[in-house]
Amino acid sequence: MRYITLGSREASVIGLGAWQIGTRYWGWGTEFGPDNVSALLEAARDAGINLIDTAEIYGQGESERQLGYHIPPDDEHFLIASKASPWHLTASGIRRAADNSLQRLQRTSMHLYQVHFPNIVIPLSRTMAGMRTLQSETKISHVGVSNFSLARWQRAERALGAPVITNQVDYSLLRPRAFTALRPMLDDGHVMIAYSPMAMGLLSGKYNTEQHPTGSRLQLPAFSGRNYENVRRVLDVMESIAKNHTAMVSQIALAWVIAHPNVMAIPGAKSPEQVRQNAAAADIQLSESEVTALDEVASTYKPALHVPRPFEVAKWLVNRDKTCADDQ
Ligand SMILES: NC(=O)c1ccc[n+]([C@@H]2O[C@H](COP(=O)([O-])OP(=O)(O)OC[C@H]3O[C@@H](n4cnc5c(N)ncnc54)[C@H](OP(=O)(O)O)[C@@H]3O)[C@@H](O)[C@H]2O)c1
């Protein structure tokens, strides 16, 4: 495993995304459940993964509750990063949200506390005033943001009056723009955390017109029939590079993300095997020409325009009501 400075600690360049834990959208309760969490965390620990990303919204708190149940409060290995929802971004709101997260996590502090999404109605000065208080009370070590543009990240830092050390954004071979956009801010004190680095499983290469994912991903345009052709062009390049490294395509997806300086990835996983495979991607050293080939194919990827048919919309609405009851 390779490590990167994340504030006062070194964090693994491959972390563990914990949206899956506690979230029905990802098959929690049907494909995997509470009995599997300890094995997932042990696989992460054994592979050198130490950053775990969660959020108050994941499974309506269940992700944090599961982590709190399985990770002892005095555990020195794992760095917990959680996020405040956009409707909790007033100074008092964010403090209450952090207290509630810490209670579910069964700990007195967390390493990183992130603003999950911007809220254009609540001034950043109020949010960051709350963050300052949380830092002075040592409930959080560091402040981060998520889904912020470069300009908004810079404004957040000015409002905090101290480093906002991370910005967590959608970044993968199918969403390759964020690195260039955020690059001016990236340095040894500012890290981009890539979420959905395997495009929610699409870049594992296991899904196609015959093999569909389970759960609500089916309703996403990226997983629609016609889009697989476009993804295939990216996968073809990934497959030939994977052969050079005797690696899996999913590992090439991650190796490309973390080949960028000051970038780490937090793939989600539902089994210890996936955790181990993802962690091993940190040891893959892509050559410059391989990175260029991947950059090139990523820049030509265009998602298929998906116009949902009426029955798909109806199905989506039914599913949305079901999943919104449990998840984000
Ligand atoms: N800040 C935000 O707004 C935001 C948004 C989204 C996610 N996130 C965070 O980022 C994390 C990761 O993003 P994500 O879960 O959306 O997408 P992802 O990491 O790209 O994909 C995760 C999914 O890919 C499949 N997978 C994982 N490892 C695999 C392997 N080795 N081989 C084959 N398939 C594998 C698994 O699903 P299947 O096996 O079912 O295919 C897994 O659930 C989340 O857990 C969350 O912590 C943050």
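Structure first, text after, so check above.
So, here is what we can say about the structure in this document. (Residues numbered from 1 in each chain as written. Predicted model: local features only at pLDDT ≥ 70, side-chain atom pairs only at ≥ 80, totals over all residues. Heavy atoms only, no water.)

### A short note on the packing of helix α2 (residues 62-70) against helix α3 (residues 91-105)
For the pair α2 and α3, the least separation of the axes is 6 Å and the interaxial angle reads 45°. Judged by the angle between their axes, α2 and α3 are oblique. Residue-level inspection shows Glu64, Arg65, Leu67 and Gly68 of α2 in contact with α3, the latter providing Ser101, Arg104 and Leu105. For the contact of α2 with α3, a count of residues per class yields 2 nonpolar, 2 polar and 3 charged. (Axes fitted to C-alpha atoms, helices over the stretch in contact; angles between N-to-C directions. Helix = DSSP H or I, 4+ residues; strand = E, 2+ residues; numbered from the N terminus. Parallel < 35°, antiparallel > 145°, perpendicular 65-115°, else oblique. Contact = heavy atoms within 4.5 Å. Nonpolar A, V, L, I, M, F, W, Y, C, P; charged D, E, K, R; others polar.)

### Overview of unusual backbone geometry
Although it is not a glycine, Asn147 sits at a positive phi angle of roughly 60°. Given the relative accessible area of 21%, Asn147 is considered partly exposed. Positive phi, normally seen in glycine, also occurs at Ser196, with a value near 45°. Position of Ser196 among the secondary structure elements: in the loop between β9 (191-195) and α7 (227-244). (Buried < 20%, exposed > 50% of the residue type's maximum accessible area, 1.4 Å probe, protein only.)

### Focus on the sheet that holds β9
If you trace the 8 strands from one edge of the open sheet to the other, you get β3-β4-β5-β6-β7-β8-β9-β10, paired in parallel fashion. Two strands in the sheet have a free side with no partner beyond their single neighbour: β3 (16-17) and β10 (263-265). Two strands pair when backbone bridges link them, and strand β8 (residues 164-170) and β9 are joined in this way by 5 bridges, in the parallel orientation. Across the sheet, residue Val169 finds its bridge partner in β9, namely Ala194. Contacts between α3 and the sheet are confined to β5 (79-84) and β6 (110-115), with β6 contributing the most and set at about 135° to the helix. Its contacts with the sheet place helix α5 (residues 150-160) against β7 (140-146), β8 and β9, and it is angled at close to 155° to β8. (Pairing = 2+ DSSP bridges.)

### Remarks on the packing of aromatic side chains
Under the definition given, this model contains 7 aromatic pairs. Between the aromatic rings of Trp28 and Phe32, the centroid separation amounts to 5.4 Å while the plane-to-plane angle is 85°, which identifies the pairing as edge-to-face. Judged on exposure class, the residue Trp28 and its partner Phe32 are both buried. Linked through ring pairs, Trp19, Tyr25, Trp26 and Tyr58 together constitute an aromatic cluster. (Phe/Tyr/Trp six-rings, centres within 6.5 Å; stacked < 30°, edge-to-face > 60°.)

### Quick notes on the pattern of salt bridges
Here the structure, examined in full by the defined rule, presents 12 salt bridges. The closest approach of N and O atoms between Asp99 and Lys139, which form a salt bridge, is 2.9 Å. Of this pair, Asp99 sits in helix α3 while Lys139 sits in the loop between α4 (124-136) and β7, and the two are 40 residues apart along the sequence. When its relative accessible area of 34% is taken as the criterion, Asp99 is described as partly exposed. With relative accessibility at 21%, the residue Lys139 sits in the partly exposed group. (Salt bridge = Lys/Arg side-chain N within 4 Å of Asp/Glu carboxyl O.)

### Looking at the site of the ligand
For the ligand, the set of nearby residues contains 32 residues, the closest of which are Gln20, Lys206, Tyr207, Arg217 and Lys270. The separation between an oxygen atom of the ligand and a polar main-chain atom of Trp19 is 3.2 Å. At a separation of 2.8 Å, a nitrogen atom of the ligand approaches a polar side-chain atom of Gln277. When the ligand sits alone it has 890 Å² of accessible area, and the protein chains cover 96% of it. Among the elements that line the shell around the ligand, the one with the most residues is helix α9 (residues 272-280), at 3 residues. (Near = heavy atom within 4 Å. Polar contact = N/O pair within 3.5 Å; in protein donor to acceptor, adjacent residues only side chain to side chain. Areas by Shrake-Rupley, 256 points an atom, 1.4 Å probe, with all protein chains shown as cover.)

### Concerning the pairing of β8
Of all the 7 residues making up β8, 6 are buried; the element is thus mostly covered by neighbouring parts of the structure. Where β7 lies against β8, 4 bridges are found, and the strand directions are parallel. Within β8, the position partnered with Gly144 by the bridge is Thr166. This β-α-β element, β7 to α5 to β8, shows right-handed connectivity. (Right-handed = clockwise from strand over helix to strand, strands pointing away.)

### Focus on α2
When α2 is considered as a whole, its buried residues turn out to be Ser63, Glu64, Gln66, Leu67 and Gly68. At its buried positions, α2 is contacted by α1 (34-47), β4 (51-53), β5 and α3.

### A few points about the side chain of Ser82
Within the secondary structure, Ser82 is located in strand β5. The class for Ser82 is buried, based on a relative accessible area of 0%. Separated by 2.5 Å, the side chains of Ser82 and Glu64 make a polar contact. Setting aside its immediate chain neighbours within four residues, Ser82 contacts Thr54, Ala55, Glu56, Glu64, Ser101, Met110, Leu112, Tyr113 and Gln114.

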